[in-house]
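Single-letter residue listing:
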Amino acid sequence: ISSLIVSLLILSQAQEFSPSPTESKPTVCVIGSGIGSSSLAHFLRHYYNPEEAKRPRIQMFERNGVVGVRMATVNVVKESFEVGASILHPKNHHALNLQLKNLSWSKSKDSLSFGIWNGKKFILKTFNVNSENSLLQKMVSLANSLLIFVHYGFSILKIEDFVKSVVGKFLKYYESVESRPVFESVDGMLKWAGLYNFTKQSLLEELTDAGLSFSLIQELVIVITRINYGQSACMSGLAGAVSLAGSGGGLWSIDGGNINRSDVALHLHEEIKFISHLTEYYELNSTTGSTLKCEVTVISTPLDEENIQFTPPISIPERKLQHTHATFVRGLLDPMSIYLEAL
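None of these values were measured; they are calculated from a predicted model. Sequence positions are assigned chain by chain, starting from 1 and proceeding in written order. Reporting of local features is limited, given that this is a predicted model, to residues whose pLDDT is at least 70; pairs of side-chain atoms are given and counted only at 80 or more, and all residues count toward the totals for whole chains, interfaces and linings. To obtain the side-chain values, all non-hydrogen atoms of the structure were used and water was disregarded.

1. Digging into the packing of aromatic side chains
Here a Phe, Tyr or Trp ring, Trp counted by its six-membered ring, pairs with any other such ring whose centre lies within 6.5 Å, and the pair is stacked when the planes are under 30 degrees apart, edge-to-face when over 60, and tilted otherwise. In this structure the tally under the stated criterion is seven aromatic pairs. Taking the centre distance of 5.9 Å and the plane angle of 40° together, the rings of Y173 and W192 count as tilted. Linking Y173 in the loop between α4 (155-170) and α5 (186-193) with W192 in helix α5, this pair joins segments that are 19 residues apart in sequence. Throughout this description, buried means an accessible area under 20% of the type-specific maximum (1.4 Å probe, protein chains only), exposed means over 50%, and partly exposed covers the range between. By relative accessible area, which is 18% here, Y173 ends up buried. Elements are defined by DSSP. Helices are runs of H or I of four residues or more, strands are runs of E of two residues or more, and each kind is numbered from the N terminus.

Printed below as a string of C-alpha cells:
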C-alpha cells in the first residue's frame, strides 16, 4: 500500500470519442507527476490496447522541476535520499510485479529491539542482541513479544487484527477486472471495498471502537502518525489506517530511489492555467503559452492548491490540508572535538 492515497479527478468523455482514421492515437493530458500520475500512465499503457500504434499519447505536466512529489529524491554530496515515501508494502501486488522487471531492490531490515522514551525515561525498552545466531534471535524476538504483551495487554493483538482487516479491504482492489466494477467516483470505490466509513471518523475514533487502550495509542500509534504525516491520532481514519499498515515488517524499497518508466512526454516547469471542455476534447493552456487538445484530461494534484480556471466552471469543496516538510541537514564531524571530548 503506498503511503499515499492519491485523489484523481478524471475529466473524461473518452467513451464518446471516436478518433478519426488519420488520428488513431488519442491524447491523454495528465496534470501532476506524482505516484498517482505515474501509476495512471503505467496502467493506461498496460490496459488500453496491445497494439503499439493505437496506444494513447500521454502528456504529463509538472509545475516544479522534479518528478515524484512525495516519491521524489534529492542528491546531497553525491548521495541520493528519498524525500517522502521510501518503502513499499509486501502486499502491494502492483509494485511487486514491477519489482520482477529487472529492478534492483532491498528488503528493509526488521529491528529486534526498540525503546519508548517519554522525555525523561524509557517507559518501555526491549532486549537487544548483536549475534547472527538465528536461534538466539528468535528467542530474543519471543521475549520481546512477551514483554510488549505484558506492557500493552490484548491491545497489541487488537491493533494487529485492525491492520490485517484494513489491508484485507485494500486487497479487494487487486481482484480481476472481470469481478471488479468500474468506479465512477472515489466514494463508490471506497464503499465497494468497505473503506468509506474510515473517511467519516478519525483514527482515534476507529482505534477506540476497536478496543485499543489509550496507552498504546499514545505511545505507539501517535509516534507512527507523527513520523508519516506529522499529525496526531485525530487525523483521518483512512489515512491513519494506511500509516499503520506501513509500520509492519517485510517492507522493501527500490535501490537508488523511485523510478518513472511510464513512457510519457514530460513537461517540467510548465503549469496548466486554463482547461476548457469543448464537446469532444479538452483544450489546455499552460504558463509557457502552449495550447493542447486532449481527449482525456486527468488532474492528479490537489485542486485546493491549484489555480486552474475551468470552462464551464466547476465547484471545488474547501478542505484543510496538512503540509509536511522534509529537511535535510548535512553535518561534518570535527575529529579534534571528538578527541578532546574523549580526553
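2. A closer look at the state of the cysteines
The term disulfide is used for any two cysteine sulfur atoms that are within 2.5 Å. In total, this model carries one disulfide according to the counting rule given. Through a disulfide, C29 is tied to C294; the S-S separation comes to 1.8 Å. Between C29 and C294 the sulfur-sulfur dihedral comes to about -50°; the bridge is accordingly left-handed. Residue C29 is found in strand β2 (residues 27-31), and its partner C294 is found in strand β13 (residues 291-294); the two are separated by 265 residues along the sequence. The class of C29 is buried, set by a relative accessible area of 0%.

3. Quick word on the nonpolar core
Nonpolar side chains in soluble globular proteins tend to be buried together. Only buried Ala, Val, Leu, Ile, Met, Phe, Trp, Tyr and Cys residues count toward a nonpolar core, and they belong to the same one when joined by side-chain atoms within 4.5 Å. Counting 32 residues, the largest nonpolar core has F162, L195, L207, V221 and L244 as its most contacted members. Among the secondary structure elements, those contributing two or more residues to this core are α3 (134-152), α4, α5, α6 (203-209), α7 (214-229) and α8 (237-245). Looking at this core element by element, the count peaks at seven residues for α4. Residue-level mapping places this core at the junction of two domains, with at least three residues from each of domain 2 (111-115 + 123-152) and domain 3 (153-248). Note on contacts: a residue pair qualifies if any of its non-hydrogen atoms lie within 4.5 Å across the two residues. Beyond its immediate chain neighbours, meaning those up to four positions away, V221 contacts I159, L203, L207, L216 and L244. Within the second largest apolar cluster, 13 residues are counted, among which are C29, I31, L292 and L303. An automatic or database domain assignment provides the domain bounds reported here.

4. Let's talk about the sheet that holds β13
When DSSP finds at least two bridges between two strands, those strands are taken to pair. An order of β13-β12-β11-β15 is seen for the four strands of this open sheet, with the pairing classed as mixed. Looking at strand neighbours, the two that pair on one side only are β13 and β15 (309-311), the edges of this open sheet. Taking each pair of neighbouring strands and ignoring which way they run, the sheet shows an average axis angle of 15°. Both strand β11 (residues 272-278) and strand β12 (residues 281-286) contribute to a ladder of six bridges, which runs antiparallel. For F274, the partnering residue across the bridge sits in β12 and is N285. To obtain each axis, a line is fitted to C-alpha atoms, and for helices this fit is confined to the stretch in contact; angles are then taken between N-to-C directions over 0 to 180 degrees.

5. Here we look at the pairing of strand β14 (residues 296-299)
Alternating residues of β14 divide into V296 and V298 and T297 and I299, and every residue in both groups is buried. Note that β2 and β14 share four bridges and pair parallel. Considered in β14, the bridge of V30 is made with V298.

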